[in-house]
There are 2 protein chains.
Amino acid sequence: MAYDESREMYLETILILSRKSKTVRSVDISEYMGYSKPSVSRAMGLLKDGGYIEEDYREGIVLTKKGREIAENVYDRHITLTKMLEALGVDPKTAADDACKIEHFISDTTFSAIKAHFKKFGE
Amino acid sequence: MAYDESREMYLETILILSRKSKTVRSVDISEYMGYSKPSVSRAMGLLKDGGYIEEDYREGIVLTKKGREIAENVYDRHITLTKMLEALGVDPKTAADDACKIEHFISDTTFSAIKAHFKKFGE
DNA sequence: TCATAGAGTTAGCCAAGACTAACAAACTGC
DNA sequence: GCAGTTTGTTAGTCTTGGCTAACTCTATGA
């Protein structure tokens, strides 16, 4: 879990799932992301070690402050980038797929610049 | 060499170096990319197996048609994306760095849409 | 001519992040 | 209350793509 992309995807997924249902379990993440249970289990272990999530027998998997900040940041990028690509005429599926890749790699500088541009030119 | 990013970076580098000097050698790629000689050596083996490059004792490493098409496509994206980010006010280094990541991941659809948008709105 | 430098390869290692197989523990329903 | 399902973990494998160490081969120059 040294590189960001994988971690960010897991955290983003936890955020999305926590908005849909009250508790988030490993198996839900597993289904949502299409990864095997052991893969998710190990990832959760690393996220817990890193202080990004906590596990509670009642609440399931919960984002810590640190984890939530990352998740919300990535999710915000995801939504914003998807909307922008759709506004440019890209079909929704491709827009979401591409946004999902771009969201992990671009710098804050670039993201802000893109956001400002689209604000100026509208949709 | 199953995923595209690494392959595309090598091919792009070979294209760039072949425009700068007459012949391209492994060690040039090694220096340019900051990778060790064995890493480049292995990558060249895989690119050769895949039909992306050929090696000639006189000409050094040469892109095949297949390799050149990918390299030129990626390089075009790189240049275009970099220019656009710079036009949005991103500093040149960040623009180049971010373009270098984005160039490998976005679909043709998205790239075309972005290009069309910027053509319309100018810089 | 022979030493040394430079280029490239071979062999083997490592980390990240997926996977399956198999097990353990807990919850559910008859 | 016990059987069977669901959930999660452990153990170990695979692939990608880096790395170092150590070798070979070629070319150069004193």
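Along every chain, residues carry numbers that run from 1 in the direction the sequence is written. Labels are handed out in written order, letters beginning with A for the chains and numbers beginning with 1 for the ligands. In view of the model being predicted, local features appear only for residues whose pLDDT reaches at least 70, and side-chain atom pairs are presented and counted only at 80 or more, with totals across whole chains, interfaces and linings using the full set of residues. With hydrogens and water stripped out, all remaining heavy atoms of the structure feed into the side-chain values.

(A) Region of the structure containing the pattern of salt bridges. In what follows, salt bridge is the name for a side-chain nitrogen of Lys or Arg lying within 4 Å of a carboxyl oxygen of Asp or Glu. The full count for this structure, using the stated rule, is 20 salt bridges over all chains. Linking Arg7 of chain A and Asp4 of chain A is a salt bridge whose minimum nitrogen-to-oxygen distance equals 2.7 Å. Of this pair, Arg7 of chain A and Asp4 of chain A both sit in helix α1 (residues 4-20), three residues apart, which is roughly one turn of that helix. Categorising residues by exposure relies on relative accessible area from a 1.4 Å probe, with only protein chains included: less than 20% of the type maximum marks a residue as buried, more than 50% marks it as exposed, and the intermediate range marks it as partly exposed. By relative accessible area, which is 15% here, Arg7 of chain A ends up buried. Salt-bridge contacts for Lys115 of chain B lead to Asp76 of chain B; the nearest nitrogen and oxygen are separated by 3.4 Å. Of the two residues, Lys115 of chain B sits in helix α6 (residues 108-121) while Asp76 of chain B sits in helix α4 (residues 65-87), which places them 39 residues apart along the sequence. Here a helix means four or more residues in a row that DSSP labels H or I, a strand means two or more in a row labelled E, and each is numbered from the N terminus.

(B) Fine view of the nonpolar core. The biggest cluster of nonpolar side chains holds 26 residues, and the ones touching the most others in it are Ile106 and Ile114 of chain A. Put simply, the parts of the chain that give this core at least two residues each are α4 (65-87), α5 (92-105) and α6 (108-121) of chain A together with α4, α5 (92-105) and α6 of chain B. Discounting residues that sit within four places of it in the chain, Ile106 of chain A has contacts with Arg77, Leu81, Phe111 and Ile114 of chain A together with Asp98 and Ile102 of chain B. The term nonpolar core refers to a set of buried residues drawn from Ala, Val, Leu, Ile, Met, Phe, Trp, Tyr and Cys, joined through side-chain atoms within 4.5 Å. Residue contacts are counted whenever heavy atoms from the two residues lie within 4.5 Å of one another.

(C) Inspection of the pairing of strand β2 (residues 60-63) of chain A at higher detail. Residue and element names in this part refer to chain A. Between any two strands, at least two bridges found by DSSP are needed for them to pair. Pairing between strand β1 (residues 53-56) and β2: four bridges, direction antiparallel. The partner of Asp56 across the bridge, within β2, is Gly60. Counted along the chain from β1 to the antiparallel partner β2, the turn is three residues long.

(D) View of the side chain of Thr80 of chain B. Residue and element names in this part refer to chain B. Within the secondary structure, Thr80 is located in helix α4. Using a relative accessible area of 13% as the deciding quantity, one classes Thr80 as buried. Those residues within four positions of Thr80 in sequence are excluded, and the remaining contacts are Phe111 and Lys115.

(E) Highlighting the domain arrangement of chain A. Residue and element names in this part refer to chain A. For every domain, the bounds stem from an assignment made automatically or drawn from a database. Domain parsing of chain A yields domain 1 (4-68) and domain 2 (70-120). Each of domain 1 and domain 2 has a C-alpha centre, and these two points are 22 Å apart. At the interface, 13 residues of domain 1 touch 10 residues of domain 2. Buried area is calculated as the accessible area (1.4 Å probe) missing from two parts once they are joined, with the contributions of both summed. Around 1100 Å² of area is buried between domain 1 and domain 2 when both sides are counted, 62% of it from carbon and sulfur atoms. Among the residues of domain 1 in contact with domain 2, Glu8, Glu12 and Arg68 are the three that bury the most area, contributing 45% of the side total. Taken together, the links from domain 1 to domain 2 amount to two salt bridges. Arg19 serves as the salt-bridge partner of Glu72, at 3.9 Å between the closest nitrogen and oxygen. What qualifies as a polar contact is a pair of N or O atoms within 3.5 Å, subject to a donor-acceptor requirement within protein and to the restriction that residues adjacent in sequence count only when both atoms come from side chains. In this assembly, domain 1 and domain 2 are joined by seven residue pairs in polar contact (both at pLDDT 80 or more). Listed by contribution, the elements that provide at least two residues to the side of domain 1 that touches domain 2 are α1 and α4. The leading source of residues in the side of domain 1 that touches domain 2 is α1, at eight residues.

(F) Fine view of the environment of Glu12 of chain B. All names here are of chain B. Relative to the elements of secondary structure, Glu12 occurs in helix α1 (residues 4-20). For Glu12, a relative accessible area of 3% gives the class buried. For Glu12, the contacting residues outside a window of four places in its chain are Ala71, Val74, Tyr75, His78, Glu103 and His104.

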